[in-house]
Amino acid sequence: MSFILFLIAGFFAGLLGGMGMGGGTILIPALTVLLGVEQHVAQATNLIAFLPMAAFTLNVHKKNGLLKTQGLLSIVIPAVLGSVTAGFAAALLPPVILKKLFGAFLVLLAAGLLAKVKFSFSKAAS
């Protein structure tokens, strides 16, 4: 039965990821809250699941001429360094702290999306 729950969580995470919202916003809470997976394992699972889709998407954008390489290193190098640093920090933090940090991230993400929607509605009404 738990295998089916994992499949359902993965399906909905993939569905949201395909719609442009990060699938991790569903996958990580589903794995930790509903399925009892440790936060470290849930985050690692999300990152591993992300890699093939990112490679596929990058290839599609390249084929469609949507990939701009100018200034790429100035974005990629800090992103990789930040990811590695955050990965080591996450490995050192207890799962309780990681859950709270991820929850705070989701709250900030939701607040930003609500502000964006509210701003777009007020702009459209003017």
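Residues numbered from 1 in each chain as written. Predicted model: local features only at pLDDT ≥ 70, side-chain atom pairs only at ≥ 80, totals over all residues. Heavy atoms only, no water.

A. How the structure looks around the packing of helix H2 (residues 24-34) against helix H3 (residues 39-63). Where H2 meets H3, the axes come as close as 9 Å, and the angle between the chain directions of the two elements is 145°. For the element pair H2 and H3, the recorded crossing hand is right-handed. For the pair formed by H2 and H3, the contact residues are Gly24, Leu27, Ile28, Leu31 and Thr32 on the first element and Gln39, Ala42, Gln43, Thr45 and Asn46 on the second. Class assignment for the residues of the contact of H2 with H3 results in four nonpolar, six polar and no charged. (Axes fitted to C-alpha atoms, helices over the stretch in contact; angles between N-to-C directions. Helix = DSSP H or I, 4+ residues; strand = E, 2+ residues; numbered from the N terminus. Left-handed = near helix turned anticlockwise from the far one by under 90°. Contact = heavy atoms within 4.5 Å. Nonpolar A, V, L, I, M, F, W, Y, C, P; charged D, E, K, R; others polar.)

B. Highlighting the packing of aromatic side chains. One pass over the full model with this rule turns up one aromatic pair. Measuring from centroid to centroid gives 6.0 Å for Phe102 and Phe105, while their planes differ by 35°, and the two rings are tilted. In this pair, Phe102 and Phe105 both sit in helix H5 (residues 95-125), three residues apart, roughly one turn of the helix. On the accessibility criterion, Phe102 (16% relative accessible area) is buried. (Phe/Tyr/Trp six-rings, centres within 6.5 Å; stacked < 30°, edge-to-face > 60°. Buried < 20%, exposed > 50% of the residue type's maximum accessible area, 1.4 Å probe, protein only.)

C. Layout of the layout of surface pockets. One number sums up the size of the largest pocket: a volume of about 1400 Å³. Gln43, Asn46, Leu47, Phe50 and Leu51 are the residues nearest the centre of the largest pocket, which is lined by 39 residues in total. At the level of secondary structure, the elements contributing two or more residues to the lining of the largest pocket comprise helix H1 (2-18), H2, H3, helix H4 (72-92) and H5. Ranked by the residues each element gives to the lining of the largest pocket, the list is headed by H3, at 12 residues. Split by residue class, the lining of the largest pocket holds 25 nonpolar, 14 polar and no charged. (1 Å grid on protein atoms, 1.4 Å probe; cavity = no way out; pocket = protein on both sides within 12 Å on 5 of 7 lines; lining within 4 Å. Points joined across faces, edges and corners; volume = space filled by probe spheres on them.)

D. Structural detail: the side chain of Gln39. Structurally, Gln39 can be placed in helix H3. The class of Gln39 is buried, set by a relative accessible area of 2%. Contact partners of Gln39, with chain neighbours within four places excluded, come to Ile28, Thr32, Pro95, Leu98, Lys99 and Phe102.

E. Molecular detail of a nonpolar patch on the surface. On the surface, a cluster of nonpolar side chains totalling about 860 Å² of accessible area is made up of Phe3, Ile4, Leu5, Leu7, Ile8, Phe11, Phe12, Leu15 and Ile26. Its place among the elements puts Ile8 in helix H1. (Patch = residues over 30% accessible without salt bridge, like charges linked within 9 Å, V, L, I, M, F, W, Y side chains within 5 Å. Areas by Shrake-Rupley, 256 points an atom, 1.4 Å probe, with all protein chains shown as cover. Salt bridge = Lys/Arg side-chain N within 4 Å of Asp/Glu carboxyl O.)

F. The nonpolar core, seen in detail. Core analysis: the biggest nonpolar cluster contains nine residues, these being Ala9, Ala13, Leu27, Ile28, Ala30, Leu31, Val37, Ala42 and Phe102. For this core, the elements supplying multiple residues, two or more each, are H1 and H2. At four residues, the largest contribution of residues to this core is made by H2. Contacts of Leu27, omitting those with residues within four sequence positions, involve Ala9, Gly10, Ala13 and Asn46. (Core = buried A, V, L, I, M, F, W, Y, C linked by side-chain atoms within 4.5 Å.)

G. Inspection of the environment of Leu35 at higher detail. Relative to the helices and strands, Leu35 resides in the loop between H2 and H3. For the pair Leu35 and Leu5, spaced 30 residues apart in the sequence, the C-alpha separation amounts to 7.7 Å. Setting aside anything within four residues of it in sequence, one finds Leu35 in contact with Leu5, Phe6 and Ala30.

Shape descriptors only; they carry no functional weight alone.
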